[in-house]
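The chain contents come next:
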Amino acid sequence: MVILTRNRLPCVYLYREVQDNSDDSGWRFTANDESDDDINDSAKVALVSLGAVLSVDERFMRLRDAPAGSAYAYDHNTRKFMVLEE
């Protein structure tokens, strides 16, 4: 499962946390315009399967096995997700 914000904008930022439970992949997908309040508001996020996300947008496919702590931002010039360094 992943957490996906419901603002309907394209995902441009994704990161992977340590799993909350055995059903959680740890992936979080956002449009990067959400406030902390938005992300922490259960009415503004959806818990969906990683497969469902990949079936709608395959841009994430090559990243699906990245470890917890990974973060990526979409580069509109290269049309790829680029690793974000801390």
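Sequence order sets the numbering: in each chain, residues are counted from 1 along the sequence as written. Totals for whole chains, interfaces and linings use every residue, but because this is a predicted model, local features are given only for residues with pLDDT of at least 70 and side-chain atom pairs only at 80 or more, for both listing and counting. Side-chain numbers here rest on the full set of heavy atoms in the structure, without hydrogens or water.

Caption draft 1: How the structure looks around unusual backbone geometry. Positive phi, normally seen in glycine, also occurs at Asn32, with a value near 65°. Even without a glycine there, the phi angle at Arg79 is positive, about 60°. Relative to the helices and strands, Arg79 resides in the loop between strand E5 (71–75) and strand E6 (80–83). For every residue, the accessible area obtained with a 1.4 Å probe (protein chains only) is divided by the maximum for its type, and the residue is called buried under 20%, exposed over 50%, and partly exposed between those limits. Of the residues examined, Arg79 reaches a relative accessible area of 66% and is grouped as exposed. Under the scheme used here, helices are H or I runs from DSSP no shorter than 4 residues and strands are E runs no shorter than 2 residues, and both carry numbers assigned from the N terminus.

Caption draft 2: The side chain of Ser25, seen in detail. Mapped onto the elements, Ser25 comes out in the loop between strand E2 (13–16) and strand E3 (27–30). Within the local environment of Ser25, its side chain forms a polar contact with the backbone nitrogen of Trp27, the two atoms lying 3.2 Å apart. Side-chain atoms alone can form a polar contact between residues adjacent in sequence; in general such a contact is a pair of N or O atoms within 3.5 Å, and within protein one must be able to donate a hydrogen while the other accepts it.

Caption draft 3: Main features of the confidence of the model for the protein. With 88% of its residues at a pLDDT of at least 70, the protein reaches an overall mean of 85. Predictor confidence is given residue by residue as pLDDT, running from a minimum of 0 to a maximum of 100. Ranking the elements of the protein by mean pLDDT puts strand E1 (residues 2–5) last, at 60, and E5 first, at 94.

Caption draft 4: Region of the structure containing the pattern of salt bridges. One speaks of a salt bridge when a side-chain nitrogen belonging to Lys or Arg is within 4 Å of a carboxyl oxygen belonging to Asp or Glu. Inspection of every chain in the model, using the stated rule, returns four salt bridges. Note that Glu17 and Arg28 form a salt bridge whose closest N and O atoms lie 3.3 Å from each other. A residue pair is termed long-range when its members are at least 10 positions apart, and Glu17 in the loop between E2 and E3 and Arg28 in strand E3 qualify at 11 residues. Classification of Arg28 as buried rests on a relative accessible area of 3%. In this structure, Arg59 engages Asp57 in a salt bridge whose closest nitrogen and oxygen atoms are separated by 2.8 Å. Owing to a relative accessible area of 25%, Arg59 belongs among the partly exposed residues under this scheme.

Caption draft 5: Broad picture of the nonpolar core. Formed by 13 residues in total, the largest nonpolar core has its most connected members in Leu14, Trp27, Phe29, Phe60, Tyr72 and Phe81. Sorting the residues of this core by element identifies E3, helix H2 (50–56) and E5 as the ones contributing at least two each. A total of three residues in this core trace back to one element, the largest contributor, which is H2. Filtering out sequence-adjacent residues up to four positions away, Phe81 remains in contact with Cys11, Val12, Tyr13, Leu14, Arg59, Phe60, Arg62, Leu63, Tyr72, Ala73 and Tyr74. For the purposes of this section, nonpolar cores are sets of buried Ala, Val, Leu, Ile, Met, Phe, Trp, Tyr and Cys residues that join through side-chain atoms within 4.5 Å. Residues count as neighbours in contact if any of their non-hydrogen atoms are within 4.5 Å of one another.

Caption draft 6: The packing of aromatic side chains, seen in detail. Each pair of aromatic rings taken from Phe, Tyr and Trp, with Trp reduced to its six-membered ring, is defined by centres within 6.5 Å and is described as stacked if the planes are under 30 degrees apart, edge-to-face if over 60, and tilted in the remaining cases. Applying the stated rule across the entire model yields six aromatic pairs. Summarising the aromatic geometry, the rings of Tyr13 and Tyr15 are spaced 5.4 Å apart at their centres and angled 35° between planes, so their arrangement reads as tilted. Aromatic side chains Phe29 and Phe60 sit 4.7 Å apart centroid to centroid with 70° between the ring planes, which places their arrangement in the edge-to-face category. Residue Phe29 is found in strand E3, and its partner Phe60 is found in the loop between H2 and E5; the two are separated by 31 residues along the sequence. For Phe29, a relative accessible area of 2% translates into the label buried. Put simply, the rings of Trp27, Phe29, Phe60, Tyr72, Tyr74 and Phe81 pair up and form one aromatic cluster. Here, a charge over a ring is recorded when the distance from Lys NZ or Arg CZ to the ring centre is within 6 Å and its angle to the ring normal is within 35 degrees. The aromatic ring of Tyr74 is capped on one face by Arg59, whose charged end is 4.4 Å from the ring centroid.

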